[in-house]
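# Survey of secondary and tertiary structure
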Amino acid sequence: MAKTTPQIAICGAGIFVRTQYIPRLAEISDLVSLKAIWSRTQESARGAVEIAQKFFPGVECKWGDNGLDEIIEDKSILGVAVVLAGQAQVDFSLRLLKAGKHVLQATRELEEALAGYNSISADVPSKPIWAVAENYRFEPAFVECKKLVAEIGEMMSVQVIVEGSMNNSNPYFSSSWRRNFAGGFILDMGVHFIAGLRMLVGCEVVSVSAATSYVDKTLPPPDNISSLFQLENGCSGVFVMVVSSSSPKIFWRVVGLKGTLQIERGKHDGQHGYAVSLYSADGQSKNTFYKFSGVTEEFKSFIYDISQANVKGSDHVTEPRISFVEGARDVAVLEAMLESGAKQGAPVHVKKF
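Worth saying up front: this structure is predicted, and the values here are computed from it rather than measured.

Definitions and cut-offs
- Residues numbered from 1 in each chain as written.
- Predicted model: local features only at pLDDT ≥ 70, side-chain atom pairs only at ≥ 80, totals over all residues.
- Heavy atoms only, no water.
- Helix = DSSP H or I, 4+ residues; strand = E, 2+ residues; numbered from the N terminus.
- Rg over C-alpha atoms; globule rule 2.2 N^0.38 Å.
- Buried < 20%, exposed > 50% of the residue type's maximum accessible area, 1.4 Å probe, protein only.
- Contact = heavy atoms within 4.5 Å.
- Domains from an automatic or database assignment.
- Core = buried A, V, L, I, M, F, W, Y, C linked by side-chain atoms within 4.5 Å.
- Phe/Tyr/Trp six-rings, centres within 6.5 Å; stacked < 30°, edge-to-face > 60°.
- Lys NZ or Arg CZ within 6 Å of the ring centre and 35° of its normal.
- Salt bridge = Lys/Arg side-chain N within 4 Å of Asp/Glu carboxyl O.

### Description of the overall build of the protein chain
Regarding its fold elements, the protein chain presents ten helices and 15 strands. What you see for the protein chain is a C-alpha radius of gyration of 21 Å, in line with the 20 Å of a compact globule of 353 residues. Each of the three principal axes of the protein chain carries a C-alpha extent, and together these read 60 × 45 × 45 Å. Out of the 353 residues belonging to the protein chain, those deemed buried represent 54%. In the protein chain, the proportion of contacts linking residues at least 24 apart, taken out of those at least 6 apart, comes to 66%.

### What about the domain arrangement of the protein chain?
Split by domain assignment, the protein chain resolves into domain 1 (7-133) and domain 2 (136-292 + 330-349). A straight line from the C-alpha centre of domain 1 to that of domain 2 covers 28 Å.

### Looking at the nonpolar core
In terms of nonpolar packing, the biggest core is built from 90 residues, with Ile37 and Trp252 touching the most fellow members. With twelve residues, helix H8 (residues 184-201) is the largest single contributor of residues to this core. Residues from two domains meet in this core; each of domain 1 (7-133) and domain 2 (136-292 + 330-349) gives at least three. Residues contacting Ile37, with those up to four places away along its chain left out, are Ile10, Gly12, Ala13, Ile22, Ala45, Ala48, Val49, Ala52, Val59, Glu60, Cys61 and Lys62. Residues Ala9, Ala36, Ile71 and Leu96 belong to the second largest nonpolar core, which totals 26 residues.

### Considering unusual backbone geometry
The omega torsion of the bond from Pro221 to Pro222 falls at -15°, within 30 degrees of zero and hence cis. Following the sequence through the fold, Pro222 ends up in the loop between strand E8 (205-213) and strand E9 (224-231). One non-glycine residue, Asp269, lies in positive phi territory at about 55°. Position of Asp269 relative to the elements: it lies in the loop between strand E12 (259-268) and strand E13 (271-280). Taking the relative accessible area as the measure of exposure, Asp269 reaches 70% and is therefore exposed. Even without a glycine there, the phi angle at Gln344 is positive, about 55°. Residue classification places Gln344 among the exposed residues on the basis of a relative accessible area of 70%.

### Section: the packing of aromatic side chains
Applying the stated rule across the entire model yields 13 aromatic pairs. Ring geometry for Phe142 versus Trp252: centroids 4.8 Å apart, planes at 85°, classification edge-to-face. Linking Phe142 in helix H6 (residues 140-148) with Trp252 in strand E11 (residues 244-256), this pair joins segments that are 110 residues apart in sequence. Trp252 matches Phe142 in its accessibility class, with the two residues each being buried. Ring centres of Phe193 and Trp252 lie 6.0 Å apart, and the angle between their planes is 50°; on these two criteria the pair is classed as tilted. Taken together, the positions of Phe193 in helix H8 and Trp252 in strand E11 put the pair 59 residues apart, joining distant regions of the chain. Residues Phe193 and Trp252 agree in their burial class; the two are buried. Joined through ring pairs, the aromatic side chains of Tyr136, Phe142, Phe193, Trp252, Tyr274 and Phe292 make up one cluster. It is Arg321 that lies over the ring of Phe138; its NZ or CZ is 4.1 Å from the centre.

### Focus on the pattern of salt bridges
Taken as a whole, this structure holds 16 salt bridges when the rule is applied. The partner of Glu27 in a salt bridge is Arg24, and the shortest N-O contact between them spans 3.0 Å. Of this pair, Glu27 and Arg24 both sit in helix H1 (residues 15-27), three residues apart, which is roughly one turn of the helix. Look at Arg24 and you get buried, because its relative accessible area is 19%. The salt bridge partner of Arg329 is Glu326, with a shortest N-O separation of 2.7 Å. You can see Arg329 and its partner Glu326 sitting in helix H10 (residues 324-342), three residues apart, about one turn around the helix. A relative accessible area of 16% places Glu326 in the buried class. Each of Arg137, Arg198, Glu204, Glu326, Arg329 and Asp330 takes part in one network of salt bridges that share partners.

See the structure below:
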């Protein structure tokens, strides 16, 4: 008897769905079937479906309230990827979760979202999975560096430097919801770099003190942030983010008693990814390049989890890296930094989840 692959749907038909989600799902089409793509308008949904049909010939086009109801009522759809404007994500996700669907989404709102999710367990026999997408914890470079960090000994200093390239040549530059979103691109982009930081150091950020500024008026405020942060292991560090720079550069660097570990975003042999450098106390270095594949890996994890949950129910233990709580912890660090910046650098404790 042939093994059937789990079926999922996508709510959203924007840039990231068309350029990342559909191609990445196509890479693992032996593991999953894309049954439907939904958008608010028929035109937008149809545009994404036309791309997806090359890989998933049977994908259905859904739009509007009726289309969303059809996805919710379709028992064959186990999971839904919610790729919508930040302001709409939580409401959509909670509605899908209440209907028993497993959900993969980016995350922004925290307390209300978690309270709503926890209340669902009383109404749903087997609590559905709520997972976080676009997640640096699944990038091979960070998975490897989580192991390597032990080789540099006790941490003395941590640096995260982000000089982004969010200008009018970037397809996300004109995204209206990001411009009307509290925290703007600092929160939308920065949360991923915080995920990488937390993955790398293996402990929580407990407090921050930050300064923010607004220089580039083509961007929503603030567009620059510089923050000191304190880790629960006693080590301190700096997080510096410039939303748009003429010379983009992104790296994480951890200095220890026995060496230094650095991850730098870049290209090698035409492929985008991360260069990992491990410097030992004797002056030797080891360098490795890992291409981007985090979106594919998180999809694999989500598909495995919803398949197992469908069989084992609440007995299945989901992959912790993809949990909504982990995403909430990333956002909490950025929100504390933005709050401190608004208070002229006053120390702010990071909310615990």
